[in-house]
Amino acid sequence: MAELDVVIEHVDKTFPGDTRAVIDFNAEIEHGEFVSMLGPSGCGKTTLLRMIGGLEEVTRGKIFISGQDVTDLPPSHRDTSMMFQSFALFPHRTVFQNVEFSLKMRGMDKDMRAGKVWAMLETVGLDELASRRPSDLSGGQQQRVALARALISEPTVLLLDEPLGALDYNLRQTMMVELKKIQQETGITFIMVTHSQQEAMSMADKVIVMSNAMVQQIGSSREIHENPRNRFVADFIGNNNMFKGTIKSRSGSMVFVEAGEQLYYIRVPEHIRQVPVGQEAHFSVRADLMHTGDNPDMANKVVGSYVATEFLGTLETDVFELEPGQFVHVEQHRKLSDSSYKIGERETLCFAADSGMLLEETRRPEDLER
Ligand SMILES: Nc1ncnc2c1ncn2[C@@H]1O[C@H](COP(=O)(O)OP(=O)(O)O)[C@@H](O)[C@H]1O
Ligand SMILES: [Mg+2]
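The numbers attached to residues start from 1 for each chain and follow its sequence in the written order. Following the order in which they are written, the chains are lettered starting with A and the ligands numbered starting with 1. Since the coordinates come from a predicted model, pLDDT governs what is reported: local features require at least 70, and pairs of side-chain atoms require 80 or more to be given and counted, while whole-chain, interface and lining totals use all residues. Note that water and hydrogens are dropped before the side-chain values are worked out from all heavy atoms of the structure.

Peer 1: How should the sheet that holds strand β16 (residues 300-312) be read in this particular structure?
Peer 2: Working definition: the strands of a sheet are paired by backbone hydrogen bonds and lie parallel or antiparallel to each other. For two strands to be treated as a pair, DSSP must find at least two bridges joining them. Secondary structure follows DSSP: runs of H or I at least 4 residues long count as helices, runs of E at least 2 residues long count as strands, and numbering of each begins at the N terminus. Taken in spatial order, the 5 strands make up an open sheet running β15-β19-β16-β17-β18, and their pairing is antiparallel. Only two strands of the sheet have a single neighbouring strand rather than two, namely β15 (291-292) and β18 (326-332). By the bridge criterion, 7 bridges tie β16 to strand β17 (residues 315-323) in an arrangement that is antiparallel. Along β17, the bridge assignment pairs Tyr-306 with Phe-320.

Peer 1: Is there a simple way to think about the pairing of strand β4 (residues 60-65) in this case?
Peer 2: Side-chain positions along a regular strand alternate between the two faces of the sheet. As paired elements, strand β1 (residues 4-15) and β4 share 5 bridges and run antiparallel to each other. Note that in β4 the partner of Glu-9 across the bridge is Lys-62. Across 2 bridges, the pairing between β4 and strand β5 (residues 68-69) is antiparallel. Across the sheet, Ile-65 pairs through a bridge with Gln-68, a residue of β5. Where β4 folds back onto β5 in an antiparallel hairpin, the turn is made up of 2 residues, including Ser-66, whose phi is positive at roughly 50°.

Peer 1: What is the right way to look at the site of ligand 1 in this model?
Peer 2: A molecule or strand has a residue near it when one of that residue's heavy atoms lies within 4 Å. As a matter of local geometry, ligand 1 sits amid Phe-15, Thr-19, Ala-21, Pro-40, Ser-41, Gly-42, Cys-43, Gly-44, Lys-45, Thr-46 and Thr-47. Between an oxygen atom of ligand 1 and a main-chain N or O atom of Gly-44, the distance comes to 3.1 Å. N or O atoms closer than or at 3.5 Å make up a polar contact, with two conditions inside protein: a donor-capable atom paired with an acceptor-capable one, and, for residues adjacent in sequence, both atoms drawn from side chains. Side-chain polar atom of Thr-46 to an oxygen atom of ligand 1: 2.8 Å apart, as the coordinates give it. In short, Shrake-Rupley with a 1.4 Å probe defines the accessible areas, and a residue's cover is counted only from the protein chains shown. Burial of ligand 1 by the protein chains amounts to 59% of its free accessible area of 570 Å².

Here it is, written out as structure tokens:
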């Protein structure tokens, strides 16, 4: 079994006034993993990160780092380092001095400090800016100083709270690649909080999806993309089309879901054991698994009216309305020569039975009390 750097067991955080910020959080983080905690604002990500770093006490539960119970230890006794969203650099110190600071505090001698700082500045690509002050740096460069400063103490775990949040779009794309590269080079375990699906899914080995102060799903980017477990995850992970209906009948691992005039035939994922006939059901279909035009090989067909096309780089997504307010996104791989739709034009949309993903309900605090 891989070495576990962080184990979080049944951790709760309740703030005065009965704000439940984190509820029954469980996770295991392996050595050298890049883990991302993904969820909307207010779902408890920062609070959890601060509890791992010892900046916030836990209300209940335990946290282990490298096998040691650190639940009641102060930050200085934990092998973690935190990188804040507002970089919190010392304005009157140079880049070199900012990075050097924690080594100096520890009493490391000058030559040894210099060696380590120069090596770190090289890792983050700042060696030529060592004598500048933070105010003479771009946002991306400041961010690198903050990263170097957090990494210089060689923590077992680096905690990053929305590290790219303050950067504009282009810089964020570049820094995503660089952060990942630095993480791989140093081999340090990264736990990164973000509300950006793109950041989490493109950088992390493991994604922890949160909402309602609870874990909704833990898995690789691919697992979460291909097998969203519940309604929240399917809805939050961008390119899923959501459908709602009633379970009509079940045969083996397949169900019929009735929605108005429409009957859908879809797969029941292995983790869903009970699918009572007559019960309300939700399922999702990824936009890249929806097709336009009549395809006799696909079990499911619906008709929609063309609404719009969304462009993102070379990817085009056509949007159709099935009934008022229910939109379906279809990713297209369109050649220049292909024609496009007129607004209101009717089109048949198809998807395979295997592409429909029956979903559990979103996890809520009330469910635990049952
Ligand atoms: N020090 C605090 N005192 C009281 N409530 C807090 C405190 N810190 C955070 N909260 C509340 O806890 C919840 C989770 O906050 P937070 O962890 O910051 O979420 P996120 O980082 O996911 O946006 C929110 O409802 C927030 O208002
Ligand atoms: Mg936060």
